[in-house]
Amino acid sequence: MPAFTAPDGTTLAYHLVGKGEPLLCLPGGPMRASAYLGDLGGMAEHRQLIQLDLRGTGASGIPTDPATYRCDRQVDDVEAFRAHLGLERVDLLAHSAAGDLALLYAARFPARIRSLTLVTARARALGIDFTEAHRREAAALRSAEPWFPTAHRSYEAVWSGTPTDADWDAIAPFFYGRWDAAAQEHAATEVPQSNEEAAERYASAGAFDPAAARSALAALTAQGIPVLLLVGEWDSGPLPRVAAEIAALLPGAEVAVQPGAGHFPWLDDPEHFTRTVTGFLP
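Residues numbered from 1 in each chain as written. Predicted model: local features only at pLDDT ≥ 70, side-chain atom pairs only at ≥ 80, totals over all residues. Heavy atoms only, no water.

## Details of the overall build of the protein chain
Working step 1: Helices and strands together make up the secondary structure of the protein chain, namely twelve helices and eight strands.
Working step 2: Computed over C-alpha atoms, the radius of gyration of the protein chain comes to 18 Å, within 12% of the 19 Å expected from 2.2 N^0.38 for 282 residues, which places it in the range of a compact globule.
Working step 3: A principal-axis box enclosing the C-alpha atoms of the protein chain has dimensions of 50 × 40 × 40 Å.
Working step 4: Long-range contacts, defined as pairs at least 24 residues apart, comprise 72% of the intrachain contacts of the protein chain with a sequence gap of at least 6.
Working step 5: Put simply, the protein chain shows about 11,500 Å² of open surface, and 53% of that area lies on carbon and sulfur atoms.
Working step 6: Of the charged side chains in the protein chain, 22 are positive and 35 negative; the average position of the first set lies 5 Å away from that of the second. (Helix = DSSP H or I, 4+ residues; strand = E, 2+ residues; numbered from the N terminus. Rg over C-alpha atoms; globule rule 2.2 N^0.38 Å. Contact = heavy atoms within 4.5 Å. Areas by Shrake-Rupley, 256 points an atom, 1.4 Å probe, with all protein chains shown as cover. Lys, Arg positive; Asp, Glu negative; His and termini not counted. Charge placed at Lys NZ, Arg CZ, Asp CG, Glu CD.)

Shown next as structure tokens:
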């Protein structure tokens, strides 16, 4: 398995999926191994997906200093990844919590970005977070689903701060457009693929300076660097209207809302997802 060495000496692994022009992929979670990305709904037929296992996840090494799990401190890992691949500029795709990492990377290394694709991505780096009210709004859209009563009771436990492990499992359907066998199999891999300690540190105090990031990224996008925010119609992170707020901070950014999709749109409608992303990429 290919790997490289991060600036602090941690060994970081990555996976090559498909052939063609490279598309660097950062997994979310936060701090979930990149295996859950699969072939991104068939994107590997169009581009070579180069999927990074962030430090402490998947086949990558565990850092000596756990403080380096903090999001902003992983920006140097992404830059070392680019340099290792020998790419002057990169097409960068980030999912979910990795949106913050991709935004911080683009803010610090704008000359290295050719395009930025943010898939159901967070934007705490810009001062926009997803709230309980957002979760409730999206959950209400699924009230006709047969699994809704049980899942919603568990969501209430989560919001009240008293969830059990069973409650966390029960809310999984809210994150998928279709709660079918494929979605259930995908959801079952989340816990074993995730580094909980790293996830707790990822967005810890000091990780984000929204004012600085907003300024840097406004300058980046003003230079014509294309940015796509692809969101699911039924997803709460971000809601489509919140994605529009994020895009407003990135001049010229596009928002694409995938109908009937949740947090993993490449599973919900692979053809639609692939068509949208390939149509955007340079």
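## Remarks on the packing of aromatic side chains
Working step 1: Inspection of the entire model under this criterion finds 14 aromatic pairs.
Working step 2: Where Tyr105 meets Phe109, the ring centres are 5.2 Å apart and the plane angle is 35 degrees; that geometry is what we call tilted.
Working step 3: Residue classification places Tyr105 among the buried positions, given a relative accessible area of 1%.
Working step 4: In this structure an aromatic cluster arises from ring pairing among Tyr36, Tyr176, Trp179, Phe264, Trp266 and Phe273. (Phe/Tyr/Trp six-rings, centres within 6.5 Å; stacked < 30°, edge-to-face > 60°. Buried < 20%, exposed > 50% of the residue type's maximum accessible area, 1.4 Å probe, protein only.)

## Digging into the environment of Val231
Working step 1: Relative to the elements of secondary structure, Val231 occurs in strand 7 (residues 227-232).
Working step 2: On the basis of relative accessible area, Val231 is assigned to the buried category, the value being 2%.
Working step 3: Separated by 26 residues in sequence, Val231 and Val257 place their C-alpha atoms 5.0 Å apart.
Working step 4: Sequence-distant contacts of Val231, that is, excluding residues within four places in its chain, are made with Thr120, Pro238, Pro240, Ala243, Val255, Ala256, Val257 and Gln258.

## Let's talk about the packing of helix 1 (residues 75-85) against helix 2 (residues 98-108)
Working step 1: Where helix 1 meets helix 2, the axes come as close as 9 Å, and the angle between the chain directions of the two elements is 70 degrees. In terms of orientation, helix 1 lies roughly perpendicular with respect to helix 2. Contacts between helix 1 and helix 2 involve Val75, Asp76, Val78, Glu79 and Arg82 on the former and, on the latter, Leu101, Leu104, Tyr105 and Arg108.
Working step 2: In terms of residue class, the contact of helix 1 with helix 2 is made up of five nonpolar, no polar and four charged. (Axes fitted to C-alpha atoms, helices over the stretch in contact; angles between N-to-C directions. Parallel < 35°, antiparallel > 145°, perpendicular 65-115°, else oblique. Nonpolar A, V, L, I, M, F, W, Y, C, P; charged D, E, K, R; others polar.)

## Quick look at the nonpolar core
Working step 1: Core analysis: the biggest nonpolar cluster contains 54 residues, and Leu26, Leu92, Leu103, Leu118, Leu229 and Leu250 have the highest contact counts within it.
Working step 2: With seven residues, helix 2 is the largest single contributor of residues to this core.
Working step 3: Apart from residues no more than four positions distant in its own chain, Leu103 is found in contact with Leu116, Leu118, Arg122, Ala123, Ala125, Leu126, Leu217 and Leu250.
Working step 4: Residues Cys25, Tyr176, Leu228 and Phe273 belong to the second largest nonpolar core, which totals 23 residues. (Core = buried A, V, L, I, M, F, W, Y, C linked by side-chain atoms within 4.5 Å.)

## Overview of unusual backbone geometry
Working step 1: With an omega of 0 degrees, the peptide bond running from Gly29 to Pro30 counts as cis.
Working step 2: Its place among the elements puts Pro30 in the loop between strand 3 (22-26) and strand 4 (48-52).
Working step 3: Each neighbour pair has its own omega, and for Gly237 with Pro238 the value is 0 degrees, a cis peptide bond.
Working step 4: Here Pro238 shows up in the loop between strand 7 and helix 10 (240-248).
Working step 5: A positive phi angle is found at Ser96, which is not glycine, with a value near 55 degrees.

## Things to note about the sheet that holds strand 2 (residues 11-17)
Adjacent strands of a sheet pair through backbone hydrogen bonds, lying either parallel or antiparallel.
Working step 1: One open sheet accounts for eight strands, arranged 1-2-4-3-5-6-7-8; its pairing is mixed. In this open sheet, the two strands that pair with only one neighbour each are strand 1 (3-5) and strand 8 (254-258). Averaged over all pairs of adjacent strands, the angle between their axes in this sheet comes to 25 degrees, without regard to strand direction.
Working step 2: Looking at chain direction, strand 3 and strand 4 are connected through four bridges and run parallel. By the bridge assignment, Cys25 is partnered in strand 4 with Gln51.
Working step 3: Along the sheet, helix 1 makes contact with strand 1, strand 2, strand 3, strand 4 and strand 5 (90-95), crossing strand 1 at roughly 120 degrees.
Working step 4: Sheet strands in contact with helix 12 (residues 270-280) are strand 5, strand 6 (113-119), strand 7 and strand 8, and its direction is about 170 degrees off that of strand 7. (Pairing = 2+ DSSP bridges.)

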